[in-house]
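Structural overview
Residue-level listing of the chains:
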Amino acid sequence: MGQATSHGVGHRERLSLKAFLDARSIPAGTTLDTDLAIIGGGPAGIALALALANTPIRIVMLESGGEAFEPNTQALYAGSETGTPYLKLENSRLRYLGGSSNHWGGWCRPLDAIDFEQRSWLPHSGWPFGRAELEPYFARAQSMCEAGPFIYDDPERWTQSFGASIPLGEGGVYTTYMQFSKTRDSYLPTHFGERYGDDLKRIPNLDVVLHANVTGLQLAANAGSLDHLDVGTLQGNRFKVKPKYTVLAVGGIENARLLLASNDVMAAGVGNSYDLVGRFFADHPIPGDTATMIVFNGAIASYYQQPQPAFGAYFRAALAPHDAFKNRHAVLCSLATIEGEVQLDGLGQAAIAATATALGIDAANMRAFTVGCGMELAPDPDRRLTLTDQRDALGMPRLQLAMRISDSDFARYRDTLKELGRQLLAARTGMIRINHKSRESWLSVMDWGNHHMGTTRMHDDPRQGVVDANSQVHGIPNLYVAGSSVFPTYGASNPTLNLIALALRLSDHLKTVFKT
Amino acid sequence: MTQDWKSAVSRRPVLSGILAVFGVAIMGSIALEAPRLARRRYKPGPFDDLLAKLPDRDNGGRVGAAVIAEMPEFGATRTAQRLRAKLAATSLADAMSADLAQNRLVEVRGWILPDTLANLCALAAKAA
């Protein structure tokens with residue numbers, strides 16, 4: 001019972017498993033009526049369905065894939081990329097039940113308070129609400145991620161078993177902690193489809209339809225509401241779903257694609273009156289070997305390099321800028337991780353010897369580590385997804401991503417690393433070498449988090465956001481968007497925990513909507 | 001008795017003991033004098049008063065060469081004047097701490113160093 005009961009799926013013993021439906025066996029021309037359609041069976045859609053279990057709301061979840069990877073379904077993701085080298089669109093996510101949780105790394109961390117704030121130095125920043133609005137949902141989201149108790153920045157707990165954190169002088173960088181979705185004694189994090197599949201089958205007010213590709217959001221003729229959904233299968237079957245309300249939860253790329261492609265009533269697409277859908281695309285750059293960090297006495301707690309089990313959780317430390325430092329120096333969030341040991345060149349050895357002796361420190365046991373990082377990008381309206389003339393197997397227009405990363409994004413992260421170096425020296429702990437300066441050098445070590453965000457951004461003003469504070473598409477009262485595509489700014493935290501908290505918040509809103 | 005004593009204590013161990021004592025004395029002298037003997041001797045230069053404060057002048061010089069390479073405008077005399085004023089009444093370690101507190105940092109091929117140390121290293125490179 002455990003986890004499932006806590007997410008609203010009770011009475012397991014009394015409820016039998018209800019098989020998933022398969023869109024390929026639904027007669028062509030059928031119209032399915034329902035209260036709520038959830039498009040997408042990834043973490044956001046599944047969290048929403050679990051949260052609405054055992055309510056009077058009749059729900060249909062439409063998942064494009066099956067219960068396992070299918071190449072022809074995955075191929076529907078294919079698109080093109082221009083600009084800054086980026087991942088292939090079809091490779092950076094997964095299209096079957098559980099969505100991209102089927103290949104996530106399990107890293108969890110709530111967004112920082114500043115991530116929600118409007119900052120004068122950061123154009124397009126600011127959520128319609130602060131972090132406090134999500135606080136009531138984090139513990140439940142954490143439970144769904146199976147990441148243990150929600151205890152993050154509680155260094156007393158973490159350090160009492162594994163040794164002290166790295167001493168840093170007073171300043172802008174501190175040790176923060178991430179938790180991991182791996183508390184089931186499994187090496188792998190929670191795959192939402194596999195983990196919650198049976199729970200979904202037990203929800204009496206939910207039908208999950210697999211192999212159901214939504215190909216169009218059909219608005220009413222006056223464009224004032226969503227009328228129905230066009231659904232198709234790769235085998236050519238076509239039918240409709242007519243929900244009272246719909247939540248679009250197919251990820252940061254497909255959410256935008258479906259809104260843009262549904263353009264027969266509104267030429268620019270649904271929710272795109274102000275040309276915002278698909279803009280502000282973001283991911284977390286993960287450049288490797290960003291710096292070399294020296295620890296003079298060679299002592300470093302194990303939780304900096306590998307996740308460690310403690311207090312029913314797995315945790316790992318990272319080095320991040322304080323919110324006050326971010327504001328004072330106009331830097332964005334970053335999470336620097338300490339990775340493997342590295343050898344130093346002659347200049348490095350000389351720099352350490354000269355510095356340590358000048359400070360009167362014995363560096364005979366010195367160790368050098370490479371530093372990895374997850375960075376935040378500044379919002380950029382020209383980093384965007386647009387439709388192309390090419391079509392996929394369902395006749396849907398394929399996407400093109402114009403990827404961009406600005407030099408200031410790198411410069412901001414460098415400022416944080418420099419501050420870390422200053423604090424290491426001030427505490428007589430160690431020192432740092434920043435390994436990249438030029439844009440070319442940064443790009444040569446670039447990887448990405450596969451965290452698609454921002455393309456249906458949230459803002460109270462329809463001229464600045466696609467959805468409002470309740471995740472409702474501006475101007476379409478019965479259409480909502482769930483997932484990290486609504487993030488107006490992104491932080492450096494991995495999005496899954498946060499987007500699940502947002503989905504749970506949305507579930508409370510929908511309960512109210514259906515009541516009234 | 002005398003014969004017995006002679007037979008009990010042979011000449012070889014006595015000589016070995018004497019040699020051992022001398023050996024220890026010689027090795028001790030070498031050990032005591034080694035740092036002075038091994039210490040790198042630098043030709044006298046205009047910045048010796050400052051460079052005396054740099055404990056590892058050789059490695060400092062290596063770092064300093066990189067500092068100069070990145071600072072084409074580096075002026076040794078001007079820098080020396082500035083460092084003399086700064087280090088007149090404070091130790092190098094304390095001056096470095098003050099640099100760190102004031103965020104006076106120099107980046108040398110990526111290495112983040114306190115300003116005073118970096119400039120002192122540059123003088124060491126100039127003097128080499």
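Residues numbered from 1 in each chain as written. Chains lettered and ligands numbered in written order. Predicted model: local features only at pLDDT ≥ 70, side-chain atom pairs only at ≥ 80, totals over all residues. Heavy atoms only, no water.

The relation between two aromatic rings is expressed through the spacing of the ring centres and the mutual angle of the planes. Residues and elements named next belong to chain A. If you walk through the whole model with that rule in mind, you get 21 aromatic pairs over all chains. Between F150 and Y152, the aromatic rings sit 4.9 Å apart at their centres with planes inclined by 65°, giving edge-to-face as the arrangement. In this structure F150 comes out as partly exposed when scored by relative accessible area, which is 29%. Aromatic pair Y245 and F514: ring centres 5.1 Å apart, planes at 65°, arrangement edge-to-face. One end of the pair, Y245, is in strand β10 (residues 238-248); the other, F514, is in helix α12 (residues 495-515), with 269 residues separating them in the sequence. Residue classification places Y245 among the partly exposed residues on the basis of a relative accessible area of 21%. Of the aromatic side chains, those joined through ring pairs into one cluster are F162, Y177, Y303, Y304 and F315. Cation over ring: K201 sits above F20, and NZ or CZ is 4.8 Å from the ring centre. Taking NZ or CZ as reference, R457 lies 4.1 Å from the ring centre of F280, over its face. (Phe/Tyr/Trp six-rings, centres within 6.5 Å; stacked < 30°, edge-to-face > 60°. Buried < 20%, exposed > 50% of the residue type's maximum accessible area, 1.4 Å probe, protein only. Helix = DSSP H or I, 4+ residues; strand = E, 2+ residues; numbered from the N terminus. Lys NZ or Arg CZ within 6 Å of the ring centre and 35° of its normal.)

Moving on, we come to the interface of chain B and chain A. In this complex, chain B contributes 24 residues to the contact, which on the side of chain A involves 24 residues. Taking both sides of the interface into account, the surface hidden between chain B and chain A amounts to around 2,200 Å²; carbon and sulfur atoms contribute 69%. Scanning the region where chain B abuts chain A turns up one salt bridge. With a closest N to O distance of 2.6 Å, E107 of chain B and R414 of chain A form a salt bridge. The tally of links from chain B across to chain A stands at six residue pairs in polar contact (both at pLDDT 80 or more). If you list the elements that add at least two residues to the side of chain B that touches chain A, you get α4 (57-70), α6 (92-101), β1 (105-108), β2 (111-114) and α7 (115-127) of chain B. Broken down by element, the residue count for the side of chain B that touches chain A peaks at six residues, all from α6 of chain B. Considered class by class, the residues forming the side of chain B that touches chain A number 15 nonpolar, five polar and four charged. (Contact = heavy atoms within 4.5 Å. Buried area = accessible area lost by both parts, 1.4 Å probe. Salt bridge = Lys/Arg side-chain N within 4 Å of Asp/Glu carboxyl O. Polar contact = N/O pair within 3.5 Å; in protein donor to acceptor, adjacent residues only side chain to side chain. Nonpolar A, V, L, I, M, F, W, Y, C, P; charged D, E, K, R; others polar.)

A few words now on the pattern of salt bridges. Working definition: two side chains of opposite charge can pair if their charged atoms are close together. Enumeration over the complete set of coordinates arrives at 36 salt bridges over all chains. For K326 of chain A, the salt bridge identified is with D323 of chain A, shortest N-O distance 2.9 Å. Taken together, the positions of K326 of chain A and D323 of chain A, both in helix α8 (residues 323-329) and three residues apart, correspond to about one turn of that helix. Its relative accessible area of 25% is what places D323 of chain A among the partly exposed residues. Of the charged contacts, one joins D99 of chain B and K86 of chain B as a salt bridge, the two residues approaching to 3.3 Å between their closest N and O atoms. With D99 of chain B in helix α6 and K86 of chain B in helix α5 (residues 76-87), this pair connects stretches of sequence that are 13 residues apart. Taking the relative accessible area as the measure of exposure, D99 of chain B reaches 0% and is therefore buried. For K86 of chain B, a relative accessible area of 21% puts it in the partly exposed group. Linked by salt bridges that have partners in common, R93, R95, E254, R257 and D392 of chain A make up one network.

Phi at H211 of chain A takes a positive value of approximately 55°, unusual for a residue other than glycine. Relative to the assigned elements, H211 of chain A resides in the loop between β7 (206-210) and β8 (213-219).

The next thing to look at is the nonpolar core. Counting residues in each nonpolar core, the largest one holds 183 residues, and the members touching the most others are L217 and L229 of chain A together with L123 of chain B. Per-element accounting of this core gives the leading share, 10 residues, to α12 of chain A. Not counting the four nearest positions on each side in its chain, L229 of chain A is found in contact with A37, I39, L62, V214, G216, L217, F239, K240, V241, P243 and T246 of chain A. Y174, A318, C333 and L335 of chain A belong to the second-largest nonpolar core, a separate cluster that totals seven residues. (Core = buried A, V, L, I, M, F, W, Y, C linked by side-chain atoms within 4.5 Å.)

What follows concerns the packing of helix α9 (residues 346-359) of chain A against α4 of chain B. With their axes 8 Å apart at the nearest point, α9 of chain A and α4 of chain B run at an angle of 120° to one another. Classified by the angle their axes make, α9 of chain A and α4 of chain B are oblique. For α9 of chain A against α4 of chain B, the interelement crossing comes out left-handed. Facing α9 of chain A, whose interface residues are L347, A350, A351, A353 and A354 of chain A, α4 of chain B presents N59, G60, R62, V63 and A66 of chain B. Its residues assigned to classes, the contact of α9 of chain A with α4 of chain B comprises seven nonpolar, two polar and one charged. (Axes fitted to C-alpha atoms, helices over the stretch in contact; angles between N-to-C directions. Parallel < 35°, antiparallel > 145°, perpendicular 65-115°, else oblique. Left-handed = near helix turned anticlockwise from the far one by under 90°.)

Per-residue pLDDT for chain B has a mean of 85; in total, 73% of the residues score no lower than 70. The ipTM for the predicted assembly is 0.91, set against a pTM of 0.90. (pLDDT = per-residue confidence, 0-100.)

All names here are of chain A. Applying the stated rule across the entire model yields zero disulfides over all chains. C145 forms no disulfide, and the closest cysteine sulfur to it belongs to C108, at a distance of 4.3 Å. Between C333, a cysteine without a disulfide, and C373, which holds the nearest cysteine sulfur, the sulfur-to-sulfur distance is 8.9 Å. We classify C333 as buried; its relative accessible area is 2%. (Disulfide = S-S within 2.5 Å.)

What follows concerns helix α7 (residues 251-261) of chain A. Residue and element names in this part refer to chain A. Counting buried residues along α7, 10 of its 11 residues qualify, which places the element largely inside the surrounding structure. Within the sequence span of α7, burial applies to G252, I253, E254, N255, A256, R257, L258, L259, L260 and A261. Taken together, the buried residues of α7 touch β2 (31-39), β8, β10, β16 (384-391), β17 (397-403) and β19 (479-481).

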